[in-house]
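Listed here are the chains, written in short residue letters.
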Amino acid sequence: AAGGGYGYYVDKQEQRLRQELTGTGVQVIRNGDTLQLVMPGNITFASGSSDIASSFYPTLNSLVKVFKEFDQNGINIVGHTDSTGSQELNMRLSRERATSVASYLSGQGVSGARISSAGVGPSQPIASNDTEAGRAQNRRVEITLRQLREAVKSRKFTDQHAQKYGY
């Protein structure tokens, strides 16, 4: 296939995401044909809240734009917390944060069929919970973009996509 098929599609999507998210604090991480967006808690939600921070809406709107343009991925949203507070509170808060982001994206026209959300509480730290700086890193939302295998099976990769992305 010309251009490497889905890998080429991900190349183009990664390029657009990096362009749209420059200066937002969101990390774009590529692992093979999977893209991961890491959004630190200091830009997404107030401490202890699942209400999206008003300053985060422009970033989410940039994601909406790219997700509509590149509509052949599944969008998996995972909320994370630090280890302060009870396990029950952290699980609820992480689920609610992931759900808030999912609801916003679908409310802005991103297909809900592409979106899943979950909360994992403090179970997947990326830094030590022994320091404030580490806890701040652990409070985050991650979005993982993966190929929709069902899209390939149901021929949603239309001729238009094939031409546009070099399949």
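What counts and how
- Residues numbered from 1 in each chain as written.
- Predicted model: local features only at pLDDT ≥ 70, side-chain atom pairs only at ≥ 80, totals over all residues.
- Heavy atoms only, no water.
- Helix = DSSP H or I, 4+ residues; strand = E, 2+ residues; numbered from the N terminus.
- Buried < 20%, exposed > 50% of the residue type's maximum accessible area, 1.4 Å probe, protein only.
- Contact = heavy atoms within 4.5 Å.
- Pairing = 2+ DSSP bridges.
- Right-handed = clockwise from strand over helix to strand, strands pointing away.
- Axes fitted to C-alpha atoms, helices over the stretch in contact; angles between N-to-C directions.
- Parallel < 35°, antiparallel > 145°, perpendicular 65-115°, else oblique.
- Left-handed = near helix turned anticlockwise from the far one by under 90°.
- Nonpolar A, V, L, I, M, F, W, Y, C, P; charged D, E, K, R; others polar.
- Salt bridge = Lys/Arg side-chain N within 4 Å of Asp/Glu carboxyl O.

Caption draft 1: Quick look at the environment of Phe-56. Residue position: Phe-56 is located in the loop between α2 (41–44) and α3 (57–69). Taking relative accessible area as the criterion, Phe-56 reaches 1% and is therefore assigned buried. With twelve residues separating them along the chain, Phe-56 and Thr-44 place their C-alpha atoms 5.5 Å apart. Aside from chain neighbours lying at most four places away, what touches Phe-56 is Met-39, Ile-43 and Thr-44.

Caption draft 2: Summary view of the pairing of strand β3 (residues 73–80). Counted residue by residue, β3 has seven buried out of eight residues, so it is predominantly covered. For β3 and strand β5 (residues 140–147), the ladder comprises eight bridges, and the chain directions are antiparallel. Paired with His-80 across the strands is Arg-140, a residue of β5. Taken together, β3, helix α4 (residues 87–107) and strand β4 (residues 115–119) form a β-α-β motif whose crossover is right-handed.

Caption draft 3: A look at the packing of helix α1 (residues 6–21) against α3. Taken N-terminus to C-terminus, the directions of α1 and α3 make an angle of 160°; their axes are 10 Å apart at the nearest point. It follows from the interaxial angle that α1 and α3 lie roughly antiparallel. By crossing handedness, the relation of α1 to α3 is classed as right-handed. Counted together, Gln-13, Arg-16, Leu-17, Glu-20 and Leu-21 of α1 and Thr-59, Ser-62, Leu-63, Lys-65, Val-66, Phe-67 and Glu-69 of α3 form the full contact between these two elements. Taken together, the residues of the contact of α1 with α3 break down into five nonpolar, three polar and four charged.

Caption draft 4: Structural detail: the pattern of salt bridges. Evaluation of the coordinates by the stated rule reveals twelve salt bridges. In this structure, Arg-16 engages Glu-69 in a salt bridge whose closest nitrogen and oxygen atoms are separated by 3.0 Å. One end of the pair, Arg-16, is in helix α1; the other, Glu-69, is in helix α3, with 53 residues separating them in the sequence. Notably, a salt bridge pairs Arg-139 with Asp-82, separated by 2.5 Å at the nearest N-O pair. Of the two residues, Arg-139 sits in the loop between α5 (132–138) and β5 while Asp-82 sits in the loop between β3 and α4, which places them 57 residues apart along the sequence. Here Arg-139 matches Asp-82 in class, with each residue buried. Salt bridges linked by common partners bring Asp-11, Glu-14, Arg-18, Arg-30 and Asp-33 together as one network.

Honestly, that's just the spatial picture; any functional story needs more than this.
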